[in-house]
Amino acid sequence: MLKQIEGSRAVAEAVALCRPEVICAYPISPQTHIVEGLGEMVKSGELKHCEFINVESEFAAMSVAIGASAAGARAYTATASQGLLFMAEAVYNASGLGLPIVMTVANRAVGAPINIWNDHSDALSQRDSGWIQLFAETNQDALDLHILAFKLAEELSLPIMVCMDGFILTHAFERIDMPSQEQVDAYLPPYAPRQVLDPQAPVSIGAMVGPEAFMEVRYLAHAKQMQALDLIPQLTTEFKTQFGRDSGGLTRTYCAEDADTLIVAMGSVLGTIKDVVDEMRTDGHKIGVLGITTFRPFPLAAVQAALRDAKRVVVLEKNLAIGLGGIVSTNVRMALAALSIGMYTVVAGLGGRAITKKSLHALFRKAEKDDIELLSFLDLDQNAVDKQLERERNTRRCGPIAENLLRDAGIVAARNY
Amino acid sequence: MFQIRIHGRGGQGVVTAAEMLSIAAFGEGRYAQAFPSFGSERTGAPVVAFCRIDDKEIRLHEPVMEPDALIIQDPTLLHQADIFAGLKHDGYILINTNRSFDELGLADFLKDWRHDRLRTVSATDLSRKHIGRPMPNVPLLGGFAAVSGIIKLESLINAIKGKFSGKVAEGNIAAVTAAFNSVAANIEEARSHA
């Protein structure tokens with residue numbers, strides 16, 4: 001059924017159609033509307049046989065999800081930013097124990113400085129935690145990926161983060177196609193756990209493992225993610241059969257066949273990039289796009305196949321691996337290891353900095369001429385940076401950086417030191 | 001693609017207005033995207049929301065940089081330096097006020113503009129009268145429909161019925177219709193003088 005609703009509401013309704021049995025909720029922007037929506041559905045009776053638990057922190061949210069999942073319940077939670085970091089220990093436990101929890105991460109920058117706006121720093125900080133990570137390009141994608149995620153998670157007995165851009169997607173009213181309960185029921189069977197706490201057949205979930213078997217347990221976590229590389233395309237095909245839409249998959253290309261320059265990105269910025277690519281194609285530029293939907297497991301073979309005929313690759317990413325460059329680029333680099341293709345990293349959109357068509361046009365046209373640095377920062381205000389660096393050279397007690405930059409920008413009232 | 005930027009203050013329903021407009025466009029079978037400016041909204045603080053309307057899927061996810069239309073819910077914001085930023089020449093401007101563009105001191109700034117695209121409507125008065133409190137957001141959409149023709153009044157009324165019920169719905173429908181008629185009459189009058 002076509003609807004014009006907020007992205008968060010679309011995700012809440014899709015999660016409800018998956019018949020979760022335990023939802024642990026702790027508010028944090030920009031995720032809050034999702035669990036609020038689910039809370040309303042539980043209270044009104046629209047979502048039945050589901051326990052909605054208000055917890056005291058994100059750490060508790062994931063801990064309750066772990067307990068619920070171990071007891072055989074389909075468990076869901078959602079978070080963002082500092083909330084994800086605060087639950088980090090439990091995040092690793094959920095995957096280490098092999099519990100198929102599904103969690104939405106409404107992607108937001110990580111402080112300090114505190115910032116509620118979008119980038120991918122939060123989810124990418126947990127890239128090696130053992131969770132599968134799927135990135136939504138649109139709100140339709142976001143709701144579809146949740147349905148696919150429950151099925152994938154339970155098949156592999158692994159937890160999954162469905163990542164969607166905070167505010168840009170979560171707070172946008174857009175047209176979406178909401179499936180029916182019958183369609184979702186036909187796609188997603190009731191949860192049949194591979195392990196469960198059952199007094200009739202006692203097991204320990206979370207046994208201590210020493211050097212004799214720890215490597216093997218960890219290797220199995222990796223092996224299961226490798227299985228996901230085969231399972232995700234299979235479940236994506238089944239999804240299309242049931243719902244008639246291409247959602248999910250490992251990667252997606254756009255205008256890539258004959259492209260000399262390929263832009264690699266994740267999430268909602270792909271839409272803006274595609275609009276720019278259409279305009280550049282009209283002007284005769286051989287440029288295309290590779291969108292990464294599945295970031296963990298990282299689809300090395302699919303990425304390599306998509307990029308192998310390009311002359312250059314530009315990875316546009318919403319994170320900064322401080323002291324190195326870009327996290328996504330480092331992964332893409334592994335896919336290109338055997339190929340001699342030039343690769344550029346462009347860090348963009350940190351903390352909600354708008355990524356505009358105008359800036360992308362200029363960037364891509366320069367990249368086509370190999371006229372950009374290996375690592376660059378889209379729309380960075382170099383003057384603001386230089387001013388602070390100069391201040392640090394000249395003054396020992398030069399004050400807090402964040403406040404200095406705000407004052408230079410005229411946002412905090414001027415004050416003399 | 002038609003792009004609208006709405007300026008107001010926290011509590012005036014700026015974000016809701018953009019959402020309602022997108023629902024109305026969706027009701028006409030078109031694609032629409034509404035989103036807030038993502039600030040930390042506080043009552044009384046300046047708030048901006050956007051709406052895009054198109055006949056094909058909207059993939060773009062940048063803020064609206066060059067609006068085709070501005071809806072200004074609170075004329076005290078007119079002195080903000082950037083309120084007209086990026087507005088396309090000859091774009092539509094609809095201001096919630098009882099005063100004229102001349103009285104607002106905008107005559108000089110807009111002297112080269114297409115005057116049939118510059119309109120005011122007493123949306124706060126209309127909302128007080130029909131809804132019982134100052135909520136100019138929905139009535140302004142009626143004024144926008146009249147001046148731009150981008151959206152039908154009927155589609156706005158359907159969107160109101162989907163969002164509100166009972167007295168609130170009735171009041172908003174009366175207010176949006178009154179605002180539409182006021183701006184339409186105003187345009188007609190200007191035309192007859194031309």
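Figured I'd write up the structure that's included with this text. Quantities reported herein were computed from a predicted structural model and do not represent experimental measurements.

What counts and how
- Residues numbered from 1 in each chain as written.
- Chains lettered and ligands numbered in written order.
- Predicted model: local features only at pLDDT ≥ 70, side-chain atom pairs only at ≥ 80, totals over all residues.
- Buried ≥ 20, exposed ≤ 12 C-beta atoms within 10 Å, placed from the backbone.
- Helix = DSSP H or I, 4+ residues; strand = E, 2+ residues; numbered from the N terminus.
- Pairing = 2+ DSSP bridges.
- Core = buried A, V, L, I, M, F, W, Y, C linked by C-beta atoms within 7 Å.
- Contact = placed C-beta atoms within 7 Å.
- Axes fitted to C-alpha atoms, helices over the stretch in contact; angles between N-to-C directions.
- Left-handed = near helix turned anticlockwise from the far one by under 90°.
- Nonpolar A, V, L, I, M, F, W, Y, C, P; charged D, E, K, R; others polar.

**Things to note about the pairing of strand β4 (residues 75-79) of chain A**
Residues and elements named next belong to chain A.
Move 1: For β4, a buried count of five out of five residues is recorded, marking the element as mostly surrounded by other parts of the structure.
Move 2: Of the two faces of β4, the one carrying Ala 75, Thr 77 and Thr 79 and the one carrying Tyr 76 and Ala 78 are both buried.
Move 3: Pairing geometry for strand β2 (residues 22-25) and β4, over three bridges, is parallel. Across the sheet, residue Val 22 finds its bridge partner in β4, namely Ala 75.

**Some words on the nonpolar core**
Move 1: Membership of the largest hydrophobic core comes to 176 residues, with the highest contact counts inside it found for A:Ala65, A:Ile160, A:Val162, A:Val264, B:Leu21 and B:Ala49.
Move 2: Of all the elements, helix α1 (residues 14-27) of chain B adds the most residues to this core, at ten residues.
Move 3: Apart from residues lying up to four places away in sequence, A:Ala65 is in contact with A:Val22, A:Cys24, A:Ala75, A:Thr77, A:Ala94 and A:Ile101.

**Brief notes about the interface of chain B and chain A**
Move 1: On the side of chain A, 21 residues touch chain B, which itself brings 18 residues to the contact.
Move 2: Those elements that provide at least two residues to the side of chain B that touches chain A are α1 and β2 (31-36) of chain B.
Move 3: For the side of chain B that touches chain A, the element with the highest residue contribution is β2(B), accounting for six residues.

**Concerning the sheet that holds strand β10 (residues 261-265) of chain A**
All names here are of chain A.
Move 1: Strand order in this open sheet of six strands is β9-β11-β10-β13-β14-β15, and the pairing throughout is mixed. Here the strands that pair on one side only, and so sit at the sheet edges, are β9 (251-254) and β15 (375-377). With direction set aside, neighbouring strand axes in the sheet form an average angle of 20 degrees.
Move 2: Contacts between helix α10 (residues 269-282) and the sheet are confined to β9, β10, β11 (287-292) and β13 (312-317), with β11 contributing the most and set at about 165 degrees to the helix.
Move 3: Its contacts with the sheet put helix α12 (residues 327-335) on β10, β13 and β14 (342-347), and the angle it makes with β13 is roughly 150 degrees.

**Examining the packing of helix α2 (residues 123-130) of chain B against helix α5 (residues 166-193) of chain B**
Residue and element names in this part refer to chain B.
Move 1: Where α2 meets α5, the axes come as close as 9 Å, and the angle between the chain directions of the two elements is 145 degrees. The element α2 and its partner α5 pack so that their crossing is right-handed. From α2, Ala 123, Leu 126, Ser 127 and His 130 reach across to α5, where they touch Gly 171, Ala 174, Ala 175, Ala 178 and Ala 179.
Move 2: Residue composition of the contact of α2 with α5, grouped by class: six nonpolar, three polar and no charged.

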